[in-house]
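Residues per chain are reported as follows:
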Amino acid sequence: MTTDIAQVRAGVGDRTTPRPQTRGGRRFARALRPGAGRQHHAGPLAYVLLGFAALVSLFPLYWTMVAASTDNTRVSQTPPPFLPGPNLLTNLGTAWRDAAMGQAMVNSLIVAGVIALSTVFFATLAGFAFAKLRFRGRNILLMMVIGTMLVPPQLGVVPLFMMMADLGWGQRLPSVIFPTLVSAVGVFFMRQYLKEALPDELIEAGRLDGAHSLRIFWSIVLPIARPPMAVLFMITFVHAWNDFFWPFIALDMTNPTVPVALTQLSAGYVRDQSVIMAGALLGTLPLLAMFIVFGRQIVGGIMQGAVKG
């Protein structure tokens, strides 16, 4: 009897004795195996596909630089040139002078910067209200905001032009800025993000501390919404910089944005394609510089938001 008890105790105390595991325990054990948390490395096929996608994406920019560095005769030949020529600086200077690109870039920077900042602020504020605040008519107002996305902007050109003229903003930058201070796409985008990423417990904690809605928005919502705000700013800035339709109607050639100024390069009877490409390259350089400077922060913010979500 004493021997049996000793054997039982030895079996209980022996940590090497196998024990039955549940399904969750087996999954946890597999997760703790050596190499379970190691990063997966891409294979050769993935690098080939990524390299092909990069070449396809960069080819239009490379072709623009090639066309801007040659003359009009060489660009029109068949086959076209695929190597840069010696006339890049000359064509850039001609495009800068003929299209008044200095003033156009300043105007585009003002227009795109103000529109992007206002869109991010108002879209985040409205997205927070639609996502977390309870008020009468919330769903109806949200449907109205989404419904404006279905209306073509061309339908409102005539009344919008008359409104800007009545306000005395004809041929001035405010006529381009104020109609686009906020977008329905931005409101819906921020509403969807805040609905999932903003816990209700944080808002309740702020209410218990005596904070009002604007204080909660400033201290709680804005830090959480930083990743999508960066993405929305980038998208809105690029869209406002490249917008041609409404600025071409609202402004004239004495006070243009970059897309409107580029029309000056093709106004003659004989179009110099190399100078036109040089102007397009000048209009693209600020966007490339902005992405090079802030691209890492924007991508890092997206990844941080994805991990937190």
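The structure this text deals with has already been given above.
Residues numbered from 1 in each chain as written. Predicted model: local features only at pLDDT ≥ 70, side-chain atom pairs only at ≥ 80, totals over all residues. Heavy atoms only, no water.

## Notes on the overall build of the chain
So, step 1. Helices and strands together make up the secondary structure of the chain, namely 16 helices and zero strands.
So, step 2. A total of 309 residues make up the chain; the buried ones form 30% of that total.
So, step 3. Summarising the internal contacts of the chain: among those between residues at least 6 apart in sequence, 72% fall at separations of at least 24.
So, step 4. Just so you have it, the chain exposes about 20,400 Å², and 67% of that area is on carbon and sulfur atoms. (Helix = DSSP H or I, 4+ residues; strand = E, 2+ residues; numbered from the N terminus. Buried < 20%, exposed > 50% of the residue type's maximum accessible area, 1.4 Å probe, protein only. Contact = heavy atoms within 4.5 Å. Areas by Shrake-Rupley, 256 points an atom, 1.4 Å probe, with all protein chains shown as cover.)

## Some points on the nonpolar core
So, step 1. Among the nonpolar cores identified, the biggest contains 32 residues, and M101 and F237 are the most heavily contacted of them.
So, step 2. Among the elements of the structure, α5 (88-98), α6 (101-132), α8 (157-166), α9 (174-177), α13 (226-242), α14 (245-250), α15 (258-262) and α16 (273-308) are those that each provide at least two residues to this core.
So, step 3. The element that contributes the greatest number of residues to this core is α6, accounting for seven residues.
So, step 4. By size, the runner-up hydrophobic cluster in this structure holds 20 residues, among which are V120, F217, A225 and M229. (Core = buried A, V, L, I, M, F, W, Y, C linked by side-chain atoms within 4.5 Å.)

## Thoughts on the packing of α6 against helix α10 (residues 184-197)
So, step 1. With their axes 7 Å apart at the nearest point, α6 and α10 run at an angle of 50 degrees to one another. Judged by the angle between their axes, α6 and α10 are oblique. Seen from above, α6 lies across α10 with right-handed handedness. Here A123, T124, A126, G127, F128, F130, A131 and K132 of α6 come into contact with α10, specifically with G186, V187, M190, R191, L194 and K195.
So, step 2. Split into classes, the residues belonging to the contact of α6 with α10 amount to eight nonpolar, three polar and three charged. (Axes fitted to C-alpha atoms, helices over the stretch in contact; angles between N-to-C directions. Parallel < 35°, antiparallel > 145°, perpendicular 65-115°, else oblique. Left-handed = near helix turned anticlockwise from the far one by under 90°. Nonpolar A, V, L, I, M, F, W, Y, C, P; charged D, E, K, R; others polar.)

## Topic: the side chain of T257
So, step 1. On the secondary structure map, T257 appears in the loop between α14 and α15.
So, step 2. Ignoring any residue separated from it by four or fewer positions in sequence, one finds T257 in contact with A104, N107, S108, V111, P247 and L251.

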